[in-house]
Amino acid sequence: MERSNVDLMDVLSFVRVVETGAFARAGERMGISKSIISRRVARLEEQLGAKLLTRSATGASPTDIGQAYFERASNILADLEAAQEVVAEAVTQVAGPIRLSAPLSFGTQYLAPALADFAKLHPKVELDVSLEDRKVDLIGGGYDLALRIGRLADSSLIARRITDVRAAVLASPDYLATRGRPVIPADLNGHDLLFYANAGMGQQWRFKIGGNWETIRGNVRLRADNGETLREAACAGLGIVILPTFIASPAIGAGKLEVLLRDYPLEESGLYVVMPPGRATTARVRALVDFVVNRFGPEPAWDPCWPVKGAECWTPAAQTLQRSEVEGESHG
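The model shown is predicted, which means the values in this text are computed figures rather than measured ones.

Student: Residue-level account of the sheet that holds strand β13 (residues 258-260), with values.
Tutor: Taken together, the five strands give an open sheet; going across it, the order is β11-β8-β12-β7-β13, and neighbouring strands pair in mixed fashion. Here the strands that pair on one side only, and so sit at the sheet edges, are β11 (219-224) and β13. Along the sheet, successive strands turn relative to each other by an average axial angle of 40°, direction set aside. Pairing of strand β8 (residues 192-196) with β11, which is carried by five bridges, proceeds in the parallel orientation. The partner of Y196 across the bridge, within β11, is A224. Contacting β8, β11 and β12 (240-244), helix α7 (residues 227-235) runs over the sheet at an angle of about 165° to β8. Here helix α8 (residues 245-253) sits on the sheet in contact with β7 (167-171), β12 and β13, set at roughly 120° to β12.

The structure is reproduced here in structure tokens:
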């Protein structure tokens, strides 16, 4: 048996099953029946002499050797697609599937309308979008790229910074009227705080005070893994919160939240596009990356001068955020 003589469609069928988690979904994505997908994967396993998938009533998942084969095979298929794109570019075509991951709140508020505009510009592109706040495995999940918000740790991923993502300390007027307004970060120790559950720093905040970073802890009133949930809790007067301005801006503009501690910088964060390493970038992915960079950078559109009742406008220049080497993910 000549194991190297495998059918590329069999390999592609296997890769699609791993990406989607089910034979039926893989068939839908490829436009063929579940039974054909199953036969192709079974034939590939027979030719390789190894079990690549563990099958169950709810779907399929790769075995250890199947995962290793998937990672290599998906890279090879991506390179083949890139080779095809060389020909497609000759006729200026941007076409084919793009699998994208992005944070939930940013995705619904800003990315969704941007992707709609991109799709209108490139009708032959097929967008497959996943919105969630956790970091996804780009290689294992078969993603072409992801948008991430926070401070990126060193990794093998290819990253491009799009723009700054600024944050502000916020509370509702009712909460401040009842509990008082903190003047310095240390005043937060006596207040109820609302924490982002996915933050790398956990239940503490860091401020730049006199050239040094200082950690502040307070009473934990609520923890959540979604920025919009925290915004609504703060608007309801449950406590003080730190939120990215792209989530907080509607509430600030409406006077539901007030910006606090303007003179004390918070840790810097950014919006990044990241891509798996070792893959030739297709024309459609390059087109989307360029579109997103032009749409959201270099100065974020969600940071206008907000007319907050009873306070001067808060502009990006009023709060110069400092760069930090601490790894973490911001609200998304």
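Student: So what's going on with the packing of helix α1 (residues 8-20) against helix α2 (residues 23-30)? Which residues, and what values?
Tutor: Here α1 crosses α2 at 120°, and the two axes come no closer than 8 Å. Classed by the angle they form, the pair α1 and α2 counts as oblique. Of the two elements, α1 crosses α2, and the hand of that crossing is right-handed. For the pair α1 and α2, the contacting residues are M9, L12, S13, R16, V17, E19 and T20 in the first and F23, R25, A26, R29 and M30 in the second. Considered class by class, the residues forming the contact of α1 with α2 number six nonpolar, two polar and four charged.

Student: Please provide a residue-by-residue account of the environment of L138, values included.
Tutor: Position of L138 among the secondary structure elements: in the loop between β4 (125-131) and β5 (145-151). In sequence terms L138 and M275 are 137 residues apart; their C-alpha atoms lie 7.4 Å from each other. Not counting residues within four places of it along the chain, the set of residues in contact with L138 comprises Y143, L145, A146, R148, L157, V274, M275 and P276.

Student: So, helix α9 (residues 283-296): which residues are in play, and what are the values?
Tutor: For α9, spanning 14 residues, the distance from its first C-alpha to its last is 20 Å, which sits close to the expected 20 Å at 1.5 Å a residue. When you tally the buried positions in α9, you get 10 out of 14 residues, the bulk of the element. Residues of α9 that are buried include every one of A283, R284, V285, A287, L288, V289, F291, V292, V293 and F296, and no others.

Student: Help me get a handle on α7, residues and values and all.
Tutor: Of all the residues in α7, the buried ones are G227, L230, R231, A233 and A234. Within α7, the buried residues cover an arc of 165° as seen down the axis, which keeps them to one side. On the buried face of α7, the contacting elements are α5 (104-121), β8, β11, β12 and α8. Sitting at the amino-terminal end of α7 is N226, which places a side-chain oxygen 3.1 Å from the backbone nitrogen of E228.

Student: So what's going on with the pattern of salt bridges? Residues and values would help.
Tutor: In the structure shown here, the tally under the stated rule is 19 salt bridges. The salt bridge involving D10 is made with R43; its shortest N-O contact spans 2.7 Å. Highlighted residues: D10 in helix α1 and R43 in helix α3 (residues 34-48), separated in sequence by 33 residues. The exposure class assigned to D10 is buried, which follows from its relative accessible area of 0%. On the accessibility criterion, R43 (40% relative accessible area) is partly exposed. Across the pair R160 and D290 runs a salt bridge, and its minimum N-O distance is 3.6 Å. On the criterion of sequence distance, the pair formed by R160 in strand β6 (residues 158-164) and D290 in helix α9 is long-range, its members being 130 residues apart. With a relative accessible area of 39%, R160 lands in the partly exposed category.

Basis of the calculations
Residues numbered from 1 in each chain as written. Predicted model: local features only at pLDDT ≥ 70, side-chain atom pairs only at ≥ 80, totals over all residues. Heavy atoms only, no water. Pairing = 2+ DSSP bridges. Helix = DSSP H or I, 4+ residues; strand = E, 2+ residues; numbered from the N terminus. Axes fitted to C-alpha atoms, helices over the stretch in contact; angles between N-to-C directions. Contact = heavy atoms within 4.5 Å. Parallel < 35°, antiparallel > 145°, perpendicular 65-115°, else oblique. Left-handed = near helix turned anticlockwise from the far one by under 90°. Nonpolar A, V, L, I, M, F, W, Y, C, P; charged D, E, K, R; others polar. Expected span 1.5 Å × (residues − 1). Buried < 20%, exposed > 50% of the residue type's maximum accessible area, 1.4 Å probe, protein only. Arc of directions from axis to C-beta. Polar contact = N/O pair within 3.5 Å; in protein donor to acceptor, adjacent residues only side chain to side chain. Salt bridge = Lys/Arg side-chain N within 4 Å of Asp/Glu carboxyl O.

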